[in-house]
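Chain by chain, the residues run as shown.
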Amino acid sequence: MKIKQLQSILDQQPSVSGNTYFIFIVWGISWLFALVFLLLGIGLLLESLLHYKIFLDTVAQKLHLVLGFNGDKKWSKMINQLAKLKPTSVAATRFTCNFLRKVAYPRIIAKKIQSFVPNLKTKIFLDPIEALDWSKKQAKNNDIILVTGSLFLSGEIKNQIS
């Protein structure tokens, strides 16, 4: 093609009209709104995370364990799992309702859980009700006292408190 032909083709093309400028302005405003909404969304996300952290801090409950195990069970693995709950205190005890069952020694239970959580407040009890009373004294409002390890222990304490 010759330059004159190209020039004639370009001359036949419509020039930029007011509509083109209008579309460009609308496109720019839409990007501006998208940026504003993105910033607002990020701000709301950060605010939500802050409120969630405040919520967790105010309702954080401490866990107090009353532990007693059947001596025939593999309670060492159970203590490993319970230590992951990060208890505040542990009352190591035994069940007294079934004399035909061998119990794990409370002193060994206390040493074992302290090996997983070194600075844990522990106390040894031969009477499970005394262990529960001590845990109640350790607990504050909204704290959790978990009696676990043996169904014999849980049942014995349940019978005493109900």
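Shown above is the structure to which this text applies.
A quick note: this is a predicted structure, and the numbers were derived from the prediction, not measured.

Basis of the calculations
- Residues numbered from 1 in each chain as written.
- Predicted model: local features only at pLDDT ≥ 70, side-chain atom pairs only at ≥ 80, totals over all residues.
- Heavy atoms only, no water.
- Phe/Tyr/Trp six-rings, centres within 6.5 Å; stacked < 30°, edge-to-face > 60°.
- Buried < 20%, exposed > 50% of the residue type's maximum accessible area, 1.4 Å probe, protein only.
- Axes fitted to C-alpha atoms, helices over the stretch in contact; angles between N-to-C directions.
- Helix = DSSP H or I, 4+ residues; strand = E, 2+ residues; numbered from the N terminus.
- Parallel < 35°, antiparallel > 145°, perpendicular 65-115°, else oblique.
- Contact = heavy atoms within 4.5 Å.
- Nonpolar A, V, L, I, M, F, W, Y, C, P; charged D, E, K, R; others polar.
- Arc of directions from axis to C-beta.
- Pairing = 2+ DSSP bridges.
- Core = buried A, V, L, I, M, F, W, Y, C linked by side-chain atoms within 4.5 Å.
- Left-handed = near helix turned anticlockwise from the far one by under 90°.

This part covers the packing of aromatic side chains. A full pass over the atoms with the stated rule returns six aromatic pairs. Residues Phe-69 and Trp-75 carry aromatic rings whose centres are separated by 5.7 Å and whose planes lie at 20° to one another, so their mutual orientation is stacked. Pair check on accessibility: Phe-69 and Trp-75 agree, each one buried. When the centroid spacing of 5.8 Å and the interplanar angle of 50° are considered together, the rings of Phe-125 and Trp-134 count as tilted. Among the residues examined, Phe-125 registers a relative accessible area of 8% and is labelled buried.

Here we take up the packing of helix α5 (residues 128-138) against helix α6 (residues 151-161). Put simply, α5 and α6 touch, their axes get as near as 10 Å, and they point 75° apart. Considered as vectors, α5 and α6 are oriented roughly perpendicular to each other. On α6, the residues touching Pro-128, Ile-129 and Leu-132 of α5 are Leu-153, Glu-156, Ile-157, Gln-160 and Ile-161. Its residues assigned to classes, the contact of α5 with α6 comprises six nonpolar, one polar and one charged.

A few words on α5. Where α5 is concerned, the buried positions are Pro-128, Ala-131, Leu-132, Trp-134 and Ser-135. Down the axis of α5, the buried set is contained in an arc of 160°. They therefore lie on one face. Where α5 is buried, its residues touch β1 (63-67), β2 (89-92), β3 (121-124), β4 (144-148) and α6.

One open sheet accounts for four strands, arranged β3-β2-β1-β4; its pairing is parallel. Both outer strands of the open sheet, β3 and β4, are each paired with one neighbouring strand and no more. The sheet shows a mean angle of 15° between the axes of neighbouring strands, taken without regard to direction. In terms of strand pairing, β2 meets β3 through four bridges, oriented parallel. By the bridge assignment, Ala-91 is partnered in β3 with Lys-123.

Core analysis: the biggest nonpolar cluster contains 16 residues, and Leu-65, Leu-67, Phe-69, Ile-109 and Ile-113 have the highest contact counts within it. Listing elements by their share of this core, those giving two or more residues are β1, α3 (75-83), β2 and α4 (106-116). Broken down by element, this core gets its largest block of residues, four residues, from α3. Those residues in contact with Leu-67 that lie beyond four places of it in its chain are Leu-82, Val-90, Ala-91, Ala-92, Thr-93, Ile-109, Ile-113, Thr-148 and Leu-153. Listed in part, the 10 residues of the second largest apolar core include Phe-125, Ala-131, Leu-132 and Leu-153.

At their nearest, the axes of α3 and α4 sit 9 Å apart, and the two run at 45° to each other. On the basis of the axis angle, α3 is oblique to α4. The element α3 and its partner α4 pack so that their crossing is right-handed. Taking contact as the criterion, the partners of Trp-75, Ser-76, Ile-79, Asn-80 and Ala-83 in α3 are, on α4, Ile-108, Ile-109, Lys-112, Ile-113 and Phe-116.

A separate point is the side chain of Ser-150. When you line up the elements, Ser-150 lands in the loop between β4 and α6. Those residues in contact with Ser-150 that lie beyond four places of it in its chain are Gly-68, Phe-69, Asn-70 and Phe-95.

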